[in-house]
Amino acid sequence: MTQDELKQAVARAAIEYIVDGEIIGVGTGSTANFFIDELGKVKHRIRGAVASSEATAVRLRAHGIAVLDLNEVQEMPVYIDGADEITASGAMIKGGGAALTREKIVASVARQFVCIADGSKLVGMLGKFPLPVEVIPMAHAVVSRKLAALGGTPVLRIKDGKPVVTDNGGAIIDVHGLQISDPVALEAEINNIVGVITNGLFARHGASVCLLGRPDGVEKLTFS
């Protein structure tokens, strides 16, 4: 199976977790896009969705799914999104699509986080995938120096010759070369750096369930 076929398989499996008549939180990225396409087939079952990015909102609306402002929502039964890396304990690195801050906010409102990913995303230790950190643009240099002191190599994310700008107006620093043995502690330490909006470690509040696409089917991991 191709990587896209694995992503489609977990996207289909994730439909099981939607709750009839409720609102669903939806993530950002290629795997989340496959899920949105599947969700469009059963849109009559939900009241609407909260999107973690403008791109996700556009795709949801294209399927005729109502997109709600998070300020109008007190809680949701489930948030469904992909991951760039995930461990056997449910800690994740996210933010390859530069939507980490809104993803973390929307996920915090959901009672359950269902991660959907192809099997290559399961790792023994986080850090091979560069850790995204969203920062106030004027602070990217000073934050980079402090991230370097933690042992990583920070690189300002550039696209088409310009710094990437998030939906929140932030910049993204990708920290390469980290071996993250204690993701909960590192998540808190980086978030305490002045100028950081948030970082892509989802460890203090990680996944509840992970659906992993394998060539022989979808594997389900459940975390306490």
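Figured I'd write up the structure that's included with this text. Since this is a predicted model, take the numbers as computed values, not measurements.

Right, let's talk about the nonpolar core for a bit. The biggest cluster of nonpolar side chains holds 25 residues, and the ones touching the most others in it are Ile-24, Phe-35, Leu-39 and Ile-80. At the level of secondary structure, the elements contributing two or more residues to this core comprise α1 (3–14), β1 (23–26), α2 (30–39), β2 (48–51), α3 (54–62), β3 (78–81), β6 (113–118) and β14 (209–214). Looking at which element gives the most residues to this core, the answer is α2, with 4 residues. Setting aside anything within four residues of it in sequence, one finds Ile-24 in contact with Ile-18, Phe-35, Leu-39, Ile-46, Gly-48, Ala-49, Val-50, Met-76, Val-78 and Ile-80. With 21 residues, the next largest nonpolar core counts Ile-23, Val-50, Val-106 and Val-109 among its residues.

Attention shifts here to the sheet that holds strand β7 (residues 131–135). Spatially, 4 strands are ordered β8-β11-β7-β12 in an open sheet, and the strand pairing comes out antiparallel. Bordering the open sheet on either side are β8 (153–156) and β12 (196–199), each of which pairs with just one other strand. Mean inter-strand twist for the sheet, computed between neighbouring axes without regard to direction, equals 30°. Note that β7 and strand β11 (residues 171–176) share 5 bridges and pair antiparallel. Looking at the pairing, Val-133 lines up with Ile-173 of β11. In the packing of helix α4 (residues 100–109) onto the sheet, contacts are made with β7, β11 and β12, and the angle to β12 comes to roughly 70°. On top of the sheet, helix α6 (residues 183–191) reaches β7 and β12; it is set at about 165° to β12, its chief contact.

Moving on, we come to the layout of surface pockets. One number sums up the size of the largest pocket: a volume of about 330 Å³. Lining of the largest pocket is provided by 17 residues; of these, Lys-104, Ser-108, Arg-204, His-205 and Gly-206 occupy positions nearest its centre. Breaking the lining of the largest pocket down by element, the ones donating at least two residues are α4 and α6. Sort the elements by how many residues they give to the lining of the largest pocket and α6 lands first, with 4 residues. A class-by-class count of the residues in the lining of the largest pocket yields 6 nonpolar, 7 polar and 4 charged. Considered as a void within the structure, the second largest pocket measures approximately 230 Å³ in volume. Forming the walls of the second largest pocket are 21 residues, and the residues nearest its centre are Thr-28, Gly-29, Ser-30, Ala-83 and Asp-84. Those elements that provide at least two residues to the lining of the second largest pocket are α2 and β6. Here the residues of the lining of the second largest pocket are counted per class, giving 6 nonpolar, 8 polar and 7 charged.

Rules behind the numbers
- Residues numbered from 1 in each chain as written.
- Predicted model: local features only at pLDDT ≥ 70, side-chain atom pairs only at ≥ 80, totals over all residues.
- Heavy atoms only, no water.
- Core = buried A, V, L, I, M, F, W, Y, C linked by side-chain atoms within 4.5 Å.
- Buried < 20%, exposed > 50% of the residue type's maximum accessible area, 1.4 Å probe, protein only.
- Helix = DSSP H or I, 4+ residues; strand = E, 2+ residues; numbered from the N terminus.
- Contact = heavy atoms within 4.5 Å.
- Pairing = 2+ DSSP bridges.
- Axes fitted to C-alpha atoms, helices over the stretch in contact; angles between N-to-C directions.
- 1 Å grid on protein atoms, 1.4 Å probe; cavity = no way out; pocket = protein on both sides within 12 Å on 5 of 7 lines; lining within 4 Å.
- Points joined across faces, edges and corners; volume = space filled by probe spheres on them.
- Nonpolar A, V, L, I, M, F, W, Y, C, P; charged D, E, K, R; others polar.

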